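What the coordinates show
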Amino acid sequence: MAPHLIEGSDAGDEDTPFLENNGSRGDRESPKKDLEEQSPIEKILEAPLKFAKWLQFMGATFGLKFLVLIIIGNHIQKGFLNAWLKQILKYWFRDHGGVDAPRMQQYIAATRTPWALKGILGMTSDSVGLFGFRRNGYLFITTSIGLGAAWYISVNAASTVPIKVALTCFVFMSLSIAMTDLLVEARYSEKVKEKPENGSDIVAFVSGGMAIGGIAAALTVGIVIQTWTINWAFVAIGIAGCINMIPILGNFMEEEFQARHLFSVDKRAILTHWRYFVLAIIFGVLSLMLLSLGLMASKRSNFVYAQCGIAYSCGFIGIIAFWILTPRRIAKVSTYFLLYSMTHLGTESACFYFYTDSPSQYPEGPHFSKVFYTTVSALVPAIFVLLSVGAYNSYLTHLSWRTIFFVPPLIGFFVSGLFVIVYLRWNLLLGIPDTIFVVGSEAIQDMVFALNYIPMALIMSHLCPEGLEATMFALLAGSRNMGRMIADFGGAALLRCLSVQPDGSNNESEEFRYLWLAEFMSNLAHLLPLALIPCLIPDGDPTSRLSIYEKPCEVNVNIPSDNNPATTSPEFKSRRGPQSALGAASSSSSSRTRVVVTVEGQC
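These figures come from a predicted structure and were not determined experimentally.

Concerning the overall build of the chain
In terms of regular secondary structure, the chain is built from 25 helices and five strands. Here the chain holds 603 residues, and the buried ones make up 56% of them. For the chain, the computed accessible surface area is about 25000 Å², with 64% contributed by carbon and sulfur atoms.

Observations regarding unusual backbone geometry
Non-glycine residue His 367 carries a positive phi angle of around 60°. Tracing the sequence through the fold places His 367 in the loop between helix 16 (348-356) and helix 17 (370-396). For His 367, a relative accessible area of 30% puts it in the partly exposed group. In this structure, Asn 507 is a non-glycine residue whose phi angle is positive, near 55°. By the element assignment, Asn 507 lies in the loop between helix 21 (469-497) and helix 22 (515-525).

Some thoughts on helix 15 (residues 328-342)
Think of an α-helix as turning once every 3.6 residues; residues three or four places apart then point the same way. Taking 1.5 Å of rise per residue, the 15 residues of helix 15 would be expected to cover 21 Å, and the 21 Å separating its terminal C-alpha atoms lies within 8% of that figure. Within helix 15, 14 of the 15 residues are buried, which leaves the element mostly enclosed by the surrounding structure.

What to know about a nonpolar patch on the surface
On the surface, a cluster of nonpolar side chains totalling about 440 Å² of accessible area is made up of Phe 406, Val 407, Leu 410, Ile 411 and Phe 414. Locating Phe 414 in the fold gives a position in helix 18 (residues 401-423). Under the relative-accessibility criterion, Phe 414 is labelled exposed at 60%.

Quick notes on the environment of Leu 279
With respect to the element layout, Leu 279 can be found in helix 13 (residues 274-295). The exposure class assigned to Leu 279 is buried, which follows from its relative accessible area of 0%.

A closer look at the packing of helix 3 (residues 64-96) against helix 16
Relative to each other, helix 3 and helix 16 sit at 75°, their axes nearing to 11 Å. Taken together, the axes of helix 3 and helix 16 lie roughly perpendicular to each other. Note on element contacts: helix 16 touches helix 3 through Glu 348, Phe 352, Tyr 353 and Thr 356, opposite Lys 90, Tyr 91 and Arg 94. Tallied by class, residues from the contact of helix 3 with helix 16 come to three nonpolar, one polar and three charged.

Some thoughts on the side chain of Asn 427
Among the secondary structure elements, Asn 427 is positioned in helix 19 (residues 426-429). Relative accessible area serves as the criterion here: at 0%, Asn 427 is assigned to the buried category. Look past the residues within four positions of Asn 427 in its chain and what remains in contact with it is Ile 421, Val 422, Ile 432, Pro 433, Asp 434 and Phe 437.

Concerning the environment of Lys 332
Counting through the fold element by element, Lys 332 comes out in helix 15. With relative accessibility at 18%, the residue Lys 332 sits in the buried group. With 13 residues separating them along the chain, Lys 332 and Ile 319 place their C-alpha atoms 9.0 Å apart.

Examining the nonpolar core
For soluble globular proteins, nonpolar side chains are generally found buried alongside one another. Of all hydrophobic cores here, the largest spans 154 residues; its most connected members are Trp 92 and Tyr 188. Ranked by the residues each element gives to this core, the list is headed by helix 8 (residues 163-194), at 15 residues. Once residues within four sequence positions are removed from consideration, Tyr 188 is found in contact with Phe 66, Ile 70, Asn 74, Ile 202, Val 206, Tyr 453, Ala 457, Ser 461 and Phe 473.

Thoughts on the pattern of salt bridges
For the structure on display, the rule yields nine salt bridges. Here Glu 348 ties to Arg 112 by a salt bridge, and the two come within 2.9 Å at their closest N and O atoms. Residue Glu 348 is located in helix 16, and its partner Arg 112 is located in the loop between helix 4 (101-111) and helix 5 (113-116); the two are separated by 236 residues in the primary sequence. According to the relative accessible area criterion, Glu 348 is buried, its value standing at 14%. Relative accessible area serves as the criterion here: at 11%, Arg 112 is assigned to the buried category. A salt bridge links Asp 488 to Arg 112; the shortest N-O distance between them is 2.6 Å.

Some words on the packing of aromatic side chains
Tallied over the full model, the rule gives 27 aromatic pairs. Ring centres 5.5 Å apart and planes at 55° place the aromatic pair Phe 354 and Tyr 362 in the tilted group. Under the relative-accessibility criterion, Tyr 362 is labelled buried at 4%. Their ring planes at 55° and their centres at 4.5 Å tell us that Phe 368 and Phe 372 sit as a pair that is tilted. For the residue pair Phe 368 and Phe 372, the accessibility class agrees, reading buried in each case. Put simply, the rings of Tyr 91, Phe 352, Tyr 353, Phe 354, Tyr 355, Tyr 362, Phe 368, Phe 372, Tyr 373, Tyr 423 and Phe 512 pair up and form one aromatic cluster.

Some details on the confidence of the model for the chain
Counting all residues, the mean pLDDT for the chain is 77, and 75% of those residues have values of 70 or more. Confidence drops under pLDDT 50 across residues 1-35; counting only partners more than four residues distant or on other chains, this segment forms 89 contacts. Contacts for the low-pLDDT stretch residues 595-600, under 50 throughout, to residues beyond four places or in other chains number 34 contacts.

How each quantity is defined
Here the residue index of a chain counts from 1 through its sequence in written order. Selection of residues for local features in this predicted model requires a pLDDT of at least 70, selection of side-chain atom pairs for listing and counting requires 80 or more, and totals for whole chains, interfaces and linings are taken over all residues. Values shown for side chains rest on all heavy atoms present in the structure; no hydrogens or waters enter the calculation. For the purposes of this entry, the term helix denotes a DSSP run of H or I that reaches at least four residues, the term strand denotes a run of E that reaches at least two, and both are numbered from the N terminus. When a residue's accessible area, from a 1.4 Å probe over protein chains only, is under 20% of the maximum for its type it is buried; when over 50% it is exposed; and in between it is partly exposed. Methods summary: accessible areas were calculated by the Shrake-Rupley approach with a probe of 1.4 Å, and residue burial reflects only the protein chains presented. In this analysis, the expected span of each helix is defined as 1.5 Å times one less than the number of residues it contains. Two joining distances apply to patches: 9 Å for like charges and 5 Å for nonpolar side chains (Val, Leu, Ile, Met, Phe, Trp, Tyr), and every residue must have over 30% relative accessible area and no salt bridge. Any Lys or Arg side-chain nitrogen found within 4 Å of a carboxyl oxygen on Asp or Glu counts as a salt bridge. Every axis in this analysis is a line fitted to C-alpha atoms, fitted for helices over the stretch in contact. Angles between the N-to-C directions lie between 0 and 180 degrees. Angle categories: roughly parallel below 35 degrees, roughly antiparallel above 145, roughly perpendicular from 65 to 115, and oblique for all the rest. In this analysis, two residues are considered to be in contact whenever any of their non-hydrogen atoms come within 4.5 Å of each other. Each residue gets one of three labels, nonpolar for Ala, Val, Leu, Ile, Met, Phe, Trp, Tyr, Cys and Pro, charged for Asp, Glu, Lys and Arg, and polar for the others, Gly among them. In this description, a nonpolar core means a group of buried Ala, Val, Leu, Ile, Met, Phe, Trp, Tyr and Cys residues linked to one another through side-chain atoms lying within 4.5 Å. Put simply, two rings from Phe, Tyr or Trp (the six-membered ring, in Trp's case) pair if the centres are within 6.5 Å, and we call them stacked under 30 degrees between planes, edge-to-face over 60, tilted for the rest. As a per-residue measure, pLDDT tells how confident the predictor is, with possible values from 0 to 100.

So this is what it looks like as structure tokens:
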């Protein structure tokens, strides 16, 4: 199965986890030595106290409003609601009837569209004000649309709603969550740039909270579906979505009212950063093309293969656009994100049928109940995700970017072999029950997924140009999400090619014959981009500043010589100083000086 998934005065407290005196991460040896001298029981007993002090530090450093914004926008919306939506969508398609695994995979791709549209959404929020604000207006509009879509689905039976109407509602619900996530990400991207030494703390707070939200979703969604009906799950989504109005009404984004008219366009921002806006439009068009492919999902094999080819063409067009329109470092990182996502072929729909088919549908299957599939098999992995957040923040931040990006996928590939054993039913020959085998495998895989997500989120925060946090973060995250959409079309083609096409019909055991091969090929393809890490991922580590430019730009400038009083005045030096990032080398002449000025930028 696919992974489910700051200013203060207290920074000098020695008991604050993840941080040293003065809030720096430079020297980690002293805390490690202290921990080594403690017994395991002492470490367990002190963990809650240290966690409480860390939260106190975060509140004092970043402010209560910022933390509440993260809790509502990331922990509840993305962690809880998004986990609910992903789980119940599969059951809704199953209840609708006649949706086989390849088509479901394409429908899932369509519901990811808002996450791939984050680039154009971020561009709009950065340059076009709504109701006098850059962000709050968009939060209000998208939240209202999402709530309306959730209530419509909740009052109609799955079998009575046309599939395309339902897909549109699911896209609107995803849009509400994606827009909230985007704007909150832009806000904490600003915080990371202000205090890069505390960037991992922000990402840990975000990731850990989303894991807790996932745990809450896992504990409740299965019970709701099995005890009542799937419609009640959408009622719960609507109720929880109303919480999103709190940061809007309380202005937790801390925005200033900018204009008294309905719309305000920042033409200067558009003209100054026109390349990023063109890029956002390109990715918006490509994402909408993928959405249209999902809406046209068909059982015809040739059509599925054509859709796959078009989808991957969209991905390569996006890569070319990044290289033409953005600085080299951003283009390289974006290329890696896209390729990494595009090569993880989606097979989760077939896995869903494999685990949940009844004895009459798949006699040899695991026959997981709704509660077990959505709760137990997701709860234990979510706990392991929390552990991975602590492990990353404590032990991996001193490693290089390249090492952090390379190791988790490699571990994930070997873990995926455990799923192949389950799909071949070899675990039963070994006397290992499906429940134990699957839960353990899911836990390890989700932990690996979290270890890979955290550095991705952090490096994207570093690569946001000043004033374009929402747009750039959205472009980088959106490109990765578009890659996942493309991978879903690739997975649908792979399932169709291997005749893995279960749809919940009786006696469909033959449909799972080559599911193990589909899973193996998906995970094997996922390793291909790792060979490009030395070329695409920058050197350095997460605790240091990362420029969006690979090399400084050197410009020859002729200025009056230093014996001219005008050049030795404090006013001149104050103007000259900020222009040089790395200093200047000069050779003097009688009247003028030739200076090589190194500036932050692209020549």
